[in-house]
Amino acid sequence: MNFQGRDIISIKDFSKNEINFILKNAEKMVEYAKGKNYIDILKGKILSSLFFEPSTRTRLSFESSMNRLGGRVIGFADPTATSQKKGESLADTIRMADSYSDVIVIRHPQEGAARLAAEFAEAPVLNAGDGAGRHPTQCLLDLFTIKSEKKKIEGKNIVLLGDLKYGRTVHSLAYALSLYGANLTFVSPDSLKMPTEVLNECEELGAQPRNTSNLEKSIKNADVLYVTRIQKERFPDAEEYNQVVGAYKVDKNLLKNSRRDLVIMHPLPRVTEINPEIDKTTHALYFKQAFNGVPVRMALLSLVLGGKK
Ligand code: CP
């Protein structure tokens, strides 16, 4: 399977076989991601890290990944310190990054920005999140985490909770979990339901997701509870946000009837939706999940840049 030069824009661009191949490569990267061993297969390569929106995990784990592979990183985390401030277009910014580097990672507030960037770049473009659109590398690390923890994804009962309307991570994940034949339940406040477009995609893959607002009942038999933050920055109207803020909270009381092996995931950052009392329980998987961003992104960078071990 050859990924050299390929853009990573949406998880929908990948078959299940291709996803499995990426996850297998990620497994091999774990020891290097932990710094237990050293590898320099991307020595001499440069990554452009273009973050037009705030990020902690995606940016740092991409940068860590490139460094762990022996490559180097240029870029910005604050677009107001770039010539965009003087009116430069996204296309021209991408043309510049393309001429200075071998691979481009972009996060942007506008849906479709990564796909647009890929049209202007010769180098592979990796979508690090585009507005309320897609977040394919997060999706891959989520799949990697579930597979590592539960051995398989097929047939697992997975509950996606929270802001399913604006949360880009759950849009990509719902699609991918359907591809694997997981049993999906979507739990959200009424105004933040999964978009019809995503529901249709899941159904086309044969999934039959249940929609509910009853969290307690839906987690009784769950293998995985995937929690998301209410995406305050995506609400067009502050009043709409005020009506749903604090609508759900995961705490020990909620988990009293759940399975002992239930794992709780969250793409992070969390705000109030998971009580910190959960952090020390065996259910909490979100910090390990965040670490998994490194081996998965190492695998992606080495594959699209043709790095050989
Ligand atoms: N999960 C995720 O995308 O986190 P950041 O916004 O911190 O990158």
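Residues numbered from 1 in each chain as written. Predicted model: local features only at pLDDT ≥ 70, side-chain atom pairs only at ≥ 80, totals over all residues. Heavy atoms only, no water.

Colleague: Run through the overall build of the protein chain, naming residues and quoting values.
Modeller: Across its full length, the protein chain holds eleven helices and nine strands. Over its C-alpha atoms the protein chain spans a radius of gyration of 19 Å, differing by no more than 12% from the 19 Å that the globule rule assigns to 309 residues. Classification of the 309 residues of the protein chain by burial places 55% in the buried group. Relative to all contacts within the protein chain whose residues are 6 or more apart in sequence, the contacts with residues 24 or more apart total 73%. For the protein chain, the accessible surface area stands at approximately 13,800 Å², while carbon and sulfur atoms represent 46% of it. (Helix = DSSP H or I, 4+ residues; strand = E, 2+ residues; numbered from the N terminus. Rg over C-alpha atoms; globule rule 2.2 N^0.38 Å. Buried < 20%, exposed > 50% of the residue type's maximum accessible area, 1.4 Å probe, protein only. Contact = heavy atoms within 4.5 Å. Areas by Shrake-Rupley, 256 points an atom, 1.4 Å probe, with all protein chains shown as cover.)

Colleague: Residues and numbers for unusual backbone geometry, please.
Modeller: Residues L268 and P269 are joined by a peptide bond in cis, for which omega reads 5°. Within the secondary structure, P269 sits in the loop between strand 9 (263–265) and helix 10 (286–291). Positive phi is not limited to glycine here, since K151 has a value of about 75°. With respect to the helices and strands, the residue K151 is situated in the loop between helix 5 (136–150) and strand 5 (157–161). A residue is classified by how much of its surface remains accessible, and K151, at 68% relative accessible area, is exposed. You will see that L268, though not glycine, has its phi angle at about 65°, which is positive. Here L268 is to be found in the loop between strand 9 and helix 10. Under the relative-accessibility criterion, L268 is labelled buried at 12%.

Colleague: Tell me about the site of the ligand, and please be specific about residues and values.
Modeller: If you check the shell around the ligand, you find S55, T56, R57, T58, R107, H135, Q138, P267 and L268 and nothing else. Between the ligand and R57, the relevant distance is 2.9 Å, taken from an oxygen atom to a side-chain nitrogen or oxygen of the residue. Considering the ligand on its own, with 260 Å² of exposed area, one finds that the protein chains cover 92% of that surface. Taken together, the residues of the shell around the ligand sort by class into two nonpolar, five polar and two charged. (Near = heavy atom within 4 Å. Polar contact = N/O pair within 3.5 Å; in protein donor to acceptor, adjacent residues only side chain to side chain. Nonpolar A, V, L, I, M, F, W, Y, C, P; charged D, E, K, R; others polar.)

Colleague: Before we move on, could you go through the packing of helix 2 (residues 57–68) against helix 11 (residues 293–304) and cite the residues and values that matter?
Modeller: It is at 8 Å that the axes of helix 2 and helix 11 come closest, and there the two elements cross at 60°. Taken together, the axis directions place helix 2 and helix 11 in an arrangement best described as oblique. Classified by chirality, the crossing of helix 11 by helix 2 is right-handed. Within the contact between the two elements, helix 2 uses R57, T58, S61, F62, S64, S65, M66 and R68 and helix 11 uses G293, V294, R297, M298 and L301. For the contact of helix 2 with helix 11, the residue count by class is five nonpolar, five polar and three charged. (Axes fitted to C-alpha atoms, helices over the stretch in contact; angles between N-to-C directions. Parallel < 35°, antiparallel > 145°, perpendicular 65-115°, else oblique. Left-handed = near helix turned anticlockwise from the far one by under 90°.)

Colleague: Give a detailed account of the state of the cysteines, specifying residues and quantitative values.
Modeller: Taken as a whole and assessed by the stated rule, the structure comprises zero disulfides. The closest cysteine sulfur to the non-disulfide-bonded C139 is located on C202, 11 Å from its own sulfur. For C139, a relative accessible area of 1% translates into the label buried. Residue classification places C202 among the buried residues on the basis of a relative accessible area of 0%. (Disulfide = S-S within 2.5 Å.)

Colleague: Break down the sheet that holds strand 7 (residues 210–212) for me, citing the residues and quoting the values.
Modeller: Strand order across the open sheet formed by five strands is 7-6-5-8-9, with parallel pairing between neighbours. Two strands in the sheet have a free side with no partner beyond their single neighbour: strand 7 and strand 9. Along the sheet, successive strands turn relative to each other by an average axial angle of 20°, direction set aside. Bridge count between strand 8 (residues 224–227) and strand 9: three bridges; the pairing is parallel. When the sheet's bridge partners are listed, L225 is paired in strand 9 with I264. Packing against the sheet, helix 6 (residues 168–179) makes contact with strand 5, strand 6 (183–187) and strand 8, and its axis sits at approximately 165° to strand 5. (Pairing = 2+ DSSP bridges.)

Colleague: So what's going on with a nonpolar patch on the surface? Residues and values would help.
Modeller: Nonpolar side chains collect at one region of the surface, where I74, M96 and Y100 lie side by side and expose about 290 Å² of accessible area between them. Looking at the secondary structure, you find I74 in strand 2 (residues 72–76). (Patch = residues over 30% accessible without salt bridge, like charges linked within 9 Å, V, L, I, M, F, W, Y side chains within 5 Å. Salt bridge = Lys/Arg side-chain N within 4 Å of Asp/Glu carboxyl O.)

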